[in-house]
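What follows is each chain in one-letter form.
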Amino acid sequence: MAQVRKNLKEIYQLSLQHFGLQHWWPGDSPFEVMVGAILTQNTAWTNVEKAIQNLKAKNLLSLQALLDLPDSQLAETIRPAGYFNVKTQRLKEFLKFLQINYQGDIQKMVAQPTKKLRQELLSVKGIGQETADSILLYALEHPIFVVDAYTYRIFTRHGLVGPEAQYEDLQEVVMDVLEPEVKFYKEFHAQIVMIGKNFCKPTARCEQCPLNSLPHWV
């Protein structure tokens, strides 16, 4: 455990020294962050930003406005995010969940235990583990670590988990040994994304990577 903790902290510090603080997740409100977490599935964040701006320009970034909007209009508005028909349905399912279970009150969600709230989110059609955890951490300030494809690639290449590791295994590697601190979990996830996007690609750029001093293999 001590060695794993040391390796994780080194990954974080080396990335932080290279990229600086990322201050994730971009969003003006918890509701905007939740919408963004659903729209960012299978697409780049730059595309989501365009969709979010479209919603803002039409004064649609509120629970009631989105619930009242016909699906066809919502799909057209979020078109830049890709898979816009699918994401329209997923977004509407989440909005209904928020309205029915919490009367649109995000603070009521915040007050729920993390485990209970996570199970509720996962029961919403179209919300998987990464999206649920992104909502929990970035919108609702619950201390849970978000795992993505970059996490898997970096952790397996640096020997923190085996290639058979599942989402829960990757999450536990972090949460079992590091403090459950919201601000740190946010920044650590952001640093992993930056390493993954810029260096730890399918064809790795290990020579230029800030983590090159750590044991690794491709």
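Not measured: the values here are computed from a predicted model.

(A) View of the packing of helix H8 (residues 114-122) against helix H9 (residues 129-139). Running from N to C, H8 and H9 point in directions that differ by 135 degrees, and their axes come no closer than 9 Å. When the axes of H8 and H9 are compared, the pair comes out oblique. Considering the relative orientation of H8 and H9, their crossing is right-handed. Across the interface between the two elements, Thr114, Leu117, Arg118, Leu121 and Leu122 of H8 pack against Gln129, Ala132, Asp133, Ile135 and Leu136 of H9. Per-class residue counts for the contact of H8 with H9 are 6 nonpolar, 2 polar and 2 charged.

(B) Inspection of the environment of Glu207 at higher detail. Structurally, the position occupied by Glu207 is in the segment after helix H12 (182-198). A sequence separation of 166 residues divides Glu207 from Gln41, and the C-alpha atoms of the two residues are 30 Å apart.

(C) Representation of the state of the cysteines. In total, this model carries 0 disulfides according to the counting rule given. Cys200 takes part in no disulfide bond, and the closest cysteine sulfur to it belongs to Cys209, at a distance of 6.5 Å. The thiol of Cys206 is not disulfide-bonded; the next cysteine sulfur, from Cys200, is found 6.6 Å away.

(D) Representation of unusual backbone geometry. Residue Trp25 follows Trp24 across a cis peptide bond; omega there is 5 degrees. Secondary-structure assignment places Trp25 in the loop between helix H1 (2-19) and helix H2 (30-39). In this structure, Asn59 takes a positive phi of about 55 degrees despite not being glycine. Assignment of secondary structure puts Asn59 in the loop between helix H3 (45-57) and helix H4 (63-68). Asn59 gets classed as exposed once you look at its relative accessible area, which sits at 68%. Look at Gln103: it is not a glycine, yet its phi comes out positive at around 50 degrees. One can find Gln103 in the loop between helix H6 (84-102) and helix H7 (106-110).

(E) Spatial organisation of helix H11 (residues 167-175). Of all the residues in H11, the buried ones are Tyr167, Leu170, Gln171, Val173 and Val174. Down the axis of H11, the buried set is contained in an arc of 150 degrees. They therefore lie on one face. Here the buried face of H11 lies against H1, H8, H9, helix H10 (149-157) and H12.

(F) Representation of the side chain of Gln41 in the model. Looking at the secondary structure, you find Gln41 in the loop between H2 and H3. According to the relative accessible area criterion, Gln41 is buried, its value standing at 10%. Excluding residues within four positions of it along the chain, Gln41 makes contact with Lys87, Arg90, Gly126 and Thr131.

(G) Broad picture of H3. Between its first and last C-alpha, H3 extends 18 Å over 13 residues, near the 18 Å set by a 1.5 Å rise per residue. Listed as buried for H3 are Val48, Ala51, Ile52 and Leu55. Take H3 and look down its axis: the buried residues cluster within an arc of 100 degrees, on one side only. Of the surrounding secondary structure, the elements contacted by the buried residues of H3 are H2, H4 and helix H5 (71-77). Positive backbone phi, at 55 degrees, marks Asn59, one or two positions downstream of H3.

(H) Molecular detail of a negative patch on the surface. A cluster of like negative charges, contributed by Glu164, Glu168, Asp169, Glu172 and Asp176, occupies part of the molecular surface. Within the fold, Asp169 resides in helix H11. Relative accessible area serves as the criterion here: at 35%, Asp169 is assigned to the partly exposed category.

Basis of the calculations
- Each residue is numbered by its place in its chain's sequence as written, counting from 1.
- Selection of residues for local features in this predicted model requires a pLDDT of at least 70, selection of side-chain atom pairs for listing and counting requires 80 or more, and totals for whole chains, interfaces and linings are taken over all residues.
- To obtain the side-chain values, all non-hydrogen atoms of the structure were used and water was disregarded.
- All axes are obtained by fitting lines to C-alpha atoms, using only the stretch in contact for helices, and the reported angles, taken between N-to-C directions, cover 0 to 180 degrees.
- Here a helix means four or more residues in a row that DSSP labels H or I, a strand means two or more in a row labelled E, and each is numbered from the N terminus.
- Angles are sorted into four bins: roughly parallel if under 35 degrees, roughly antiparallel if over 145, roughly perpendicular if 65 to 115, and oblique for all others.
- What makes a crossing left-handed is the near helix being turned counterclockwise from the far one by less than a right angle; a clockwise turn instead makes it right-handed.
- Residue contacts are counted whenever heavy atoms from the two residues lie within 4.5 Å of one another.
- Basically, the charged four are Asp, Glu, Lys and Arg, the nonpolar ten are Ala, Val, Leu, Ile, Met, Phe, Trp, Tyr, Cys and Pro, and anything else, Gly included, counts as polar.
- Throughout, a disulfide means two cysteine sulfur atoms within 2.5 Å of one another.
- Whether a residue is buried, partly exposed or exposed follows from its accessible area with a 1.4 Å probe, protein chains only, as a fraction of its type maximum: under 20%, in between, or over 50%, in that order.
- The arc refers to the directions leading from the helix axis to the C-beta atoms.
- Each helix should span, by expectation, one fewer than its residue count multiplied by 1.5 Å.
- Patch building starts from residues that exceed 30% relative accessible area and form no salt bridge, then joins like charges within 9 Å and nonpolar side chains (Val, Leu, Ile, Met, Phe, Trp, Tyr) within 5 Å.
- The method behind every accessible area is Shrake-Rupley, applied with a 1.4 Å probe, and residues are considered shielded solely by the protein chains displayed.
- Salt bridges are defined by distance alone: a side-chain nitrogen of Lys or Arg within 4 Å of a carboxyl oxygen of Asp or Glu.
- The convention is simple: Lys and Arg are positive, Asp and Glu are negative, and His and the chain ends are not counted.
- Taken as the charge location is NZ of Lys, CZ of Arg, CG of Asp or CD of Glu.

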